[in-house]
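Remarks on the overall topology
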Amino acid sequence: MSAAEVSETGSADLLIRDIDWLITVDPGRRILRDGAVAVKDGRILAVGKTAELARTFAGTKEFSARGHVVTPGFVDCHLHSSFQLSRGLADEANAQSFLFDRMYPYEAALEAEDVQVSATLAASELLRHGVTCFVDPGNYHPEASVEGVMSTGIRMLVSRSSFDLTKSVLGILPERMIETTAQALERAEAVLGQYGKTENPRLRATASFRGLNNASDELILGLKGLADKYGTLLQTHACFSYSTHDSSLARCGMAEIERLEHLGVIDERMLIVHSGWLEPEEVAILAKRKAALVCAPSSSLHNGYGNFLMGKLPELMALGVTVGLGSDHASSGIVDMVQEMRAACCGYKEVRANPRLMPPETGLEMATINGARAVHWADRIGSIEAGKDADLVMFDANRPEWQPLINPVSNLVYAATGDSVRHVFVGGEQVVRDYKLTRIDEAAIYREVPRAVSRFSKKLKVDKMVQLRWPVS
């Protein structure tokens, strides 16, 4: 089969054929017209032209993707699934107010049943917008997150959130979120032990501390030890605003990445979210240590963090640092990796006044293969190649934003949104069919959302926290 990429010979379970544009993001970055993908046992058996694969796998169950653009499943490297019910609660707030007046009180008000509803809703929106794998930085009910998320069929890296410093320059944590270093480490290890190695191929676990200003050196070093023990990632937020940058300098006498380097915890198995406010020497540290970084465009744009204005992500990518994309949370508005790609590419073009910076191909790489590398799952996901899992997204190109279809990567990043995702496969299983999830009853989730909001709203007094600017009658 000279024109096809084949991992092995034999029969296939499924042949996805007649693909108008198949964007593989494979090492050769091939784009195939009239492409096809053969799938066996959830993995990609062959990639090539429809005519050739149809001859080879005659009699196989077929799925026509005529009129569609097909990409690898997206990897969202940072999404707080427990924050999905927070839309509208944290608008027009600076970093201090966003965290300590809005989101931390919201998080402290959630019960396990609320987190499960939120996580299920988050996973539903991710899948419907083409995300087949995401990283959760953690909350205080990880079991509820797992239960909700896994019901949808998406892949997840779960964590338990960790803080151990009650007070920082920015504010004081809610009492319910306060724990000792020993408690934080014990509870983090319980999650790693429970979910680090399971029979579920779509579930992994990581260690996580939510930010440097509420984490002691002992906690950071302890979590790094757990990450090494369980062979997984250590993730954190860092350098997302001037406030956190300045707070680190005031309390520790060094900037955030500089502190992590001083502690000796930065390496290729660390995932650092935001990384906008960097000192020059911190750029050198990240280039040397090759920690993976996560660009969260809509979060910075919504809250005015200045990560595009101050950020060095294009330079860091040029230096060989892996940079993925994250939608962060619903309180920033969108949970749509297609829109995040556009925001990342166009945001840097605007602040640098350079239209050649961050072409759409870079945005798509960030959302696929870079994300897979960042979470150390690139051997199985992130591109459409023989031998990898069949995580595929099918965009309906018979829509105005996709026409005329001259350059599919350009249309995807600059014109489309995730709303044009029609079908999604995870490990060869169709989890979105004709814009609807196949595993769960979405209507049932929408019925649960107002009930969950009602429960936590009573504790938060949402009507006083958020005032509509225009009159409601």
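In this text the structure is predicted, and so the values were computed from the model without any measurement.

Before going further, it helps to examine the nonpolar core. Formed by 122 residues in total, the largest nonpolar core has its most connected members in Phe209, Ile257 and Leu260. With nine residues, helix 2 (residues 95-109) is the largest single contributor of residues to this core. Among the nonpolar cores identified, the runner-up in size contains 17 residues, and Val37, Val39, Val47 and Ile384 belong to it.

Attention shifts here to the packing of aromatic side chains. A complete count under the given rule lists 10 aromatic pairs for this structure. Considering the side-chain rings of phenylalanine 240 and tyrosine 305, the 5.0 Å spacing of their centres and the 65° angle between planes classify their relative orientation as edge-to-face. Of this pair, phenylalanine 240 sits in the loop between strand 12 (234-238) and helix 7 (242-252) while tyrosine 305 is found in the loop between helix 10 (297-303) and helix 11 (307-310), placing the two residues 65 residues apart along the sequence. Judged by its relative accessible area of 9%, phenylalanine 240 is buried. Judged by relative accessible area, tyrosine 305 falls into the buried class, the value being 5%.

This paragraph deals with a nonpolar patch on the surface. There is a patch of nonpolar side chains on the surface, built from Leu309, Met310 and Val351 and spanning about 260 Å² of accessible area. Relative to the helices and strands, valine 351 is located in helix 13 (residues 337-352).

Before going further, it helps to examine the pattern of salt bridges. One pass over the structure, following the stated rule, counts 30 salt bridges. Residue glutamate 62 is joined to arginine 17 by a salt bridge in which the shortest nitrogen-to-oxygen separation is 3.3 Å. Of the two residues, glutamate 62 sits in strand 5 (residues 61-64) while arginine 17 sits in strand 2 (residues 14-23), which places them 45 residues apart along the sequence. Through salt bridges with shared partners, a single network forms among Arg43, Arg155, Arg380, Asp389 and Asp391.

We now examine the packing of helix 13 against helix 14 (residues 360-367). Here helix 13 crosses helix 14 at 135°, and the two axes come no closer than 9 Å. Classified by the angle between their axes, helix 13 and helix 14 sit oblique to one another. Helix-helix and strand crossings are classified by hand; for helix 13 and helix 14 the assignment is right-handed. Contacts between helix 13 and helix 14 pair Met337, Met341 and Cys345 from the former with Pro360, Gly363, Leu364 and Ala367 from the latter.

Across the chain, the bulk of peptide bonds are trans and the bulk of non-glycine residues have phi less than zero. In this model, glutamine 403 is joined to proline 404 through a cis peptide bond whose omega is -10°. Its place among the elements puts proline 404 in the loop between strand 16 (392-396) and helix 16 (408-414). Within the chain, aspartate 41 stands out as a residue other than glycine whose phi angle is a positive 50°. Relative to the elements of secondary structure, aspartate 41 occurs in the loop between strand 3 (31-40) and strand 4 (43-49). Non-glycine residue cysteine 239 carries a positive phi angle of around 60°. In this fold, cysteine 239 is placed in the loop between strand 12 and helix 7. Owing to a relative accessible area of 0%, cysteine 239 belongs among the buried residues under this scheme.

Rules behind the numbers
- Residues numbered from 1 in each chain as written.
- Predicted model: local features only at pLDDT ≥ 70, side-chain atom pairs only at ≥ 80, totals over all residues.
- Heavy atoms only, no water.
- Core = buried A, V, L, I, M, F, W, Y, C linked by side-chain atoms within 4.5 Å.
- Buried < 20%, exposed > 50% of the residue type's maximum accessible area, 1.4 Å probe, protein only.
- Helix = DSSP H or I, 4+ residues; strand = E, 2+ residues; numbered from the N terminus.
- Phe/Tyr/Trp six-rings, centres within 6.5 Å; stacked < 30°, edge-to-face > 60°.
- Patch = residues over 30% accessible without salt bridge, like charges linked within 9 Å, V, L, I, M, F, W, Y side chains within 5 Å.
- Areas by Shrake-Rupley, 256 points an atom, 1.4 Å probe, with all protein chains shown as cover.
- Salt bridge = Lys/Arg side-chain N within 4 Å of Asp/Glu carboxyl O.
- Axes fitted to C-alpha atoms, helices over the stretch in contact; angles between N-to-C directions.
- Parallel < 35°, antiparallel > 145°, perpendicular 65-115°, else oblique.
- Left-handed = near helix turned anticlockwise from the far one by under 90°.
- Contact = heavy atoms within 4.5 Å.

These figures come from the coordinates and say nothing about function on their own.
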